[in-house]
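Chains, contacts and geometry: an overview
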Amino acid sequence: MLISRHIVQSRRDVLYSWLFLIPVFVILSITAFIPLGFGFGLSFFKYKLNLQRAPIFNGIGNYIEIFQDELFIDAVKHNIFFAVLAVSIEMSVGIVIATMLSDDSKITRLLISLLMIPMIIAPVAAGTLWRMMLDRTYGIVNYLLTLVGLPAVSWIGDYRIAIYTIIFVDCWQFIPFVAILVLSSIKAIPITLIDAARVDGASPLKVFTRIVLPITAPVIIIIAMIRFMDAFKVFDTIFVMTQGGPGTATEMLPTYIYRQGIKFLRIGYSSAAAVLFIISMSLIAWGFIHLRTKQLERIG
Amino acid sequence: MTKRLVKQQSRNYLCNFLGFPTRVIVLIFLFIIILFPFYWLITNAFKVEQEYFASPPVILPSRITTQNFVDAVVKYDLFKGLKNSLLIATGTSIVTVLAGSMAAYTLINGALPKKLKNVFAGWFLVQKMYPAVLVAVPVFYIIRSLHLMDNVLSLILMNTSFNLPLVILLMIGFYQELPYEIEEQSMLDGCSLLQRYIYISTPIVKLGLIATGMLTFINSWNEFLYAVILTVYRAKPLTVSIAGFITDKGLIWGPMAAMGCVVVFPVLIIMWLMQKDFISGMSAGALKG
């Protein structure tokens, strides 16, 4: 990815080059490498911070315990359900909205700048906003529902509905993200291709399925990958809206690690969960990269 | 007239396959669902207390009060949160842009073997992928042992780490666009790498630096996970204080809405200032990964 440049090597410049990289090395080591290695080590120990006891070597005991922990299994299930449903809704709706916004009129340009609002505000703020709107008794959404004769819904308090509420807020934040990125890749298509198809009498649907979709497919896959991996980082919204509840209905991997490690101070145990998390994330990333290389090969 | 028509047509990518009426309905719905929550937030921030609990909900407040903001300042330490948020976001932006631009410059123009540079660039890419929560527990433990808990510095450090990879990737793009002749000429004139970085190249990409700095500012302003883990009282930023309004007994509506406004609006202003840069920066950040 770097353009190779002919460089006149002088010893002074080599020294400066290394000096220039040192701050980044130091910061990334302190905040990423050392903690990662440290966490990996801790995952083999029984260690609770609130007990005045030295860590006890536990082998793979923590890992065995995790797989027997129903809460962990539930968190994984919820997280996968959340990721698959949220990302598929975001991708399909986002792509449709991108096709609707791809002309060049003033109104659509205004809409595009408005679209950026939900995705740049803090997820905490988005969660708070919707927490107010969806309040069971005083929320405006329930009021509108009763206005048209529907029963009021306990959006956050009902364990069957809470996860869909989280999915909804996630969609509200990230459908714009998908739409804007897909839109910018649609606008990178040579317009002559589309004009030629239109002259030949292709319907908008044909233009979309035969030209736009195949050309933007690689970008769409990348966006899906980013969103899918981000869906496993969801923390802020859950923390503000449901705290993983009611019961454990919206407990997901990040909140699980947070609860075990920071709340219950089970340092070793939650490190083991984090290690499992890294492994599965790497597998997912590898799968997506595989998919993408395959596709690049097909295009040639 | 015809010329304008042609120009307009030539940029029309519209491939809406659901028909005109659906498009209008969807776009109007989109408009409402994006903007209404913000309208609700602002009006709630200025409503008097009994109007929160009125049924039907008050869409247009009849009385406007600033009591909620006063409460947020007096009872809930709005200014302390604001100060912390500003310190964290500004500190992070400065450190990240400085360290990031130095690294990016070296990766483009530095006197290192090309293979080594590619290894570093690849490393920064991988760094961008992993979720922050993975190191949450070890970082919590380390910061606690170093007695840096509840300190703005530890949050600046963590936020810098999360934003560095993206900033480096964006800055590599900026430095790459500079014509190499400039570098070559100043090298012939005997400038060292340091002098070229400070006096020649960086002033040209200044706007890019500002844009990435603002992106970093927004990211660290919005950050929540580490803010909630690493702060207790003194260093609490706004995002953590706002989450504190949601209690088991219910919401503390007025001050929560007021503080929500303070969290949201600086970001909107920054976005408005740098709209174009933002889209291109974001798509570059997303798609280069």
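Residues numbered from 1 in each chain as written. Chains lettered and ligands numbered in written order. Predicted model: local features only at pLDDT ≥ 70, side-chain atom pairs only at ≥ 80, totals over all residues.

1. Concerning the overall build of chain A
What chain A contains, in helices and strands, is 12 helices and two strands. Along the chain direction, N to C, the helices and strands of chain A fall in the order α-β-β-α-α-α-α-α-α-α-α-α-α-α. Here the C-alpha radius of gyration of chain A, 24 Å, is well above what a compact globule of 300 residues would show, namely 19 Å. The buried share of chain A, taken over its 300 residues, is 42%. Taking as baseline every contact in chain A between residues at least 6 positions apart, the subset at least 24 positions apart corresponds to 71%. (Helix = DSSP H or I, 4+ residues; strand = E, 2+ residues; numbered from the N terminus. Rg over C-alpha atoms; globule rule 2.2 N^0.38 Å. Buried ≥ 20, exposed ≤ 12 C-beta atoms within 10 Å, placed from the backbone. Contact = placed C-beta atoms within 7 Å.)

2. A look at the overall build of chain B
A tally of regular secondary structure across chain B gives 14 helices and two strands. Here chain B has a C-alpha radius of gyration of 24 Å; the compact-globule value for 289 residues is 19 Å, and the former is much larger. Projected onto its principal axes, the C-alpha coordinates of chain B cover approximately 75 × 70 × 30 Å. Burial statistics for chain B: of 289 residues in total, 44% are counted as buried. Looking at chain B alone, contacts between residues at least 24 apart form 79% of all its contacts between residues at least 6 apart.

3. Observations regarding helix α11 (residues 253–263) of chain A
Residues and elements named next belong to chain A. With eight of 11 residues buried, α11 lies mostly within the body of the structure. Of all the residues in α11, the buried ones are Leu-253, Pro-254, Thr-255, Tyr-256, Ile-257, Tyr-258, Gln-260 and Gly-261. Positioned one or two residues after α11, Leu-265 has a phi angle of 60 degrees, which is positive.

4. A closer look at the confidence of the model for chain A
All names here are of chain A. Taken as a whole, chain A shows an average pLDDT of 86; of its residues, 96% reach a score of 70 or greater. Element-level mean pLDDT values for chain A span from 82 in strand β2 (residues 56–57) up to 94 in helix α3 (residues 70–100). Contacts for the low-pLDDT stretch residues 1–7, under 50 throughout, to residues beyond four places or in other chains number 11 contacts. (pLDDT = per-residue confidence, 0-100.)

5. Points about the interface of chain B and chain A
Facing 89 residues of chain B, the contacting portion of chain A comprises 93 residues. By residue number, the principal contributor to the side of chain B that touches chain A is helix α2 (residues 20–46) of chain B, which donates 11 residues. Along the lines of polarity and charge, the residues of the side of chain B that touches chain A split into 65 nonpolar, 20 polar and four charged. (Nonpolar A, V, L, I, M, F, W, Y, C, P; charged D, E, K, R; others polar.)

6. Focus: the nonpolar core
Counting 160 residues, the largest nonpolar core has A:Ala179 and B:Ala136 as the members making the most contacts within it. Per element, the largest residue contribution to this core is 16 residues, and it comes from helix α7 (residues 152–177) of chain B. Two domains each donate at least three residues to this core, and these are domain 1 (21–65) and domain 2 (77–288) of chain B. Apart from the residues lying within four places of it in its own chain, the contact partners of B:Ala136 are A:Ile257, A:Tyr258, A:Gly261, B:Leu225 and B:Ile229. (Core = buried A, V, L, I, M, F, W, Y, C linked by C-beta atoms within 7 Å. Domains from an automatic or database assignment.)

7. Digging into the domain arrangement of chain B
You can read the domains of chain B as domain 1 (21–65) and domain 2 (77–288). A per-class count over the side of domain 1 of chain B that touches domain 2 of chain B returns four nonpolar, one polar and one charged.

8. Some points on the environment of B:Pro203
By secondary structure assignment, the location of B:Pro203 is in helix α9 (residues 193–204). Note: C-alpha distance between B:Pro203 and B:Ser85 (118 residues apart in sequence) is 29 Å.

9. Brief notes about the packing of helix α1 (residues 11–42) of chain A against helix α6 (residues 136–145) of chain B
Direction vectors running N to C along α1(A) and α6(B) enclose 100 degrees, while the axes themselves pass 8 Å from each other. Taken together, the axes of α1(A) and α6(B) lie roughly perpendicular to each other. Along its contact with α1(A), which presents A:Pro35, A:Phe38, A:Gly39 and A:Leu42, the element α6(B) presents B:Val137, B:Pro138, B:Val139 and B:Ile142. The residue inventory of the contact of α1(A) with α6(B), partitioned by class, reads seven nonpolar, one polar and no charged. (Axes fitted to C-alpha atoms, helices over the stretch in contact; angles between N-to-C directions. Parallel < 35°, antiparallel > 145°, perpendicular 65-115°, else oblique.)

10. Some words on the confidence of the model for chain B
Residues and elements named next belong to chain B. Summary statistics for chain B give a mean pLDDT of 84 and a share of 91% for residues scoring 70 or more. Helix α1 (residues 2–10) is the least confidently modelled element of chain B, averaging 48 in pLDDT, while helix α4 (residues 78–109) averages 93, the highest of any element. What the predictor reports for the complex is a pTM of 0.87 with an ipTM of 0.85.

11. Some points on α2(B)
With 27 residues, α2(B) should reach 39 Å at 1.5 Å per residue; the first-to-last C-alpha distance of 39 Å fits that figure. Along its length, α2(B) reaches its greatest deviation from straightness, about 30 degrees, at B:Leu35, and the proline B:Pro37 lies no more than four positions downstream. Within the span of α2(B), buried status applies to B:Leu30, B:Pro37, B:Phe38, B:Leu41, B:Asn44 and B:Ala45. The inward-facing, buried residues of α2(B) contact α3, α4 (106–120) and α5 (123–133) of chain A together with α3 (67–74) and α13 (253–273) of chain B. (Expected span 1.5 Å × (residues − 1). Bend = angle between axes of the 7 residues up to and from the residue.)

12. Observations concerning the environment of A:Gln243
Residues and elements named next belong to chain A. By the element assignment, Gln-243 lies in the loop between α10 (236–241) and α11. The class of Gln-243 is partly exposed, set by 16 C-beta atoms lying within 10 Å. Taking C-alpha positions, Gln-243 is 8.0 Å from Thr-255, a pair spaced 12 residues apart along the chain.

13. Notes on the environment of A:Ala162
Residues and elements named next belong to chain A. Residue placement: Ala-162 occurs in helix α7 (residues 162–186). The exposure class assigned to Ala-162 is buried, which follows from the 23 C-beta atoms found within 10 Å. Separated by 87 residues in sequence, Ala-162 and Ala-249 place their C-alpha atoms 7.1 Å apart. Aside from chain neighbours lying at most four places away, what touches Ala-162 is Ile-156, Thr-242, Pro-246, Ala-249 and Thr-250.

14. Thoughts on the packing of α3(B) against α13(B)
Residues and elements named next belong to chain B. Contact geometry of α3 with α13 gives a least axis separation of 8 Å together with a crossing angle of 85 degrees. What the angle tells us is that α3 and α13 run roughly perpendicular. Judged by residue contacts, Asn-68, Phe-69, Asp-71 and Ala-72 of α3 engage Gly-254, Pro-255, Ala-257, Ala-258 and Met-259 from α13. Taken together, the residues of the contact of α3 with α13 sort by class into six nonpolar, two polar and one charged.

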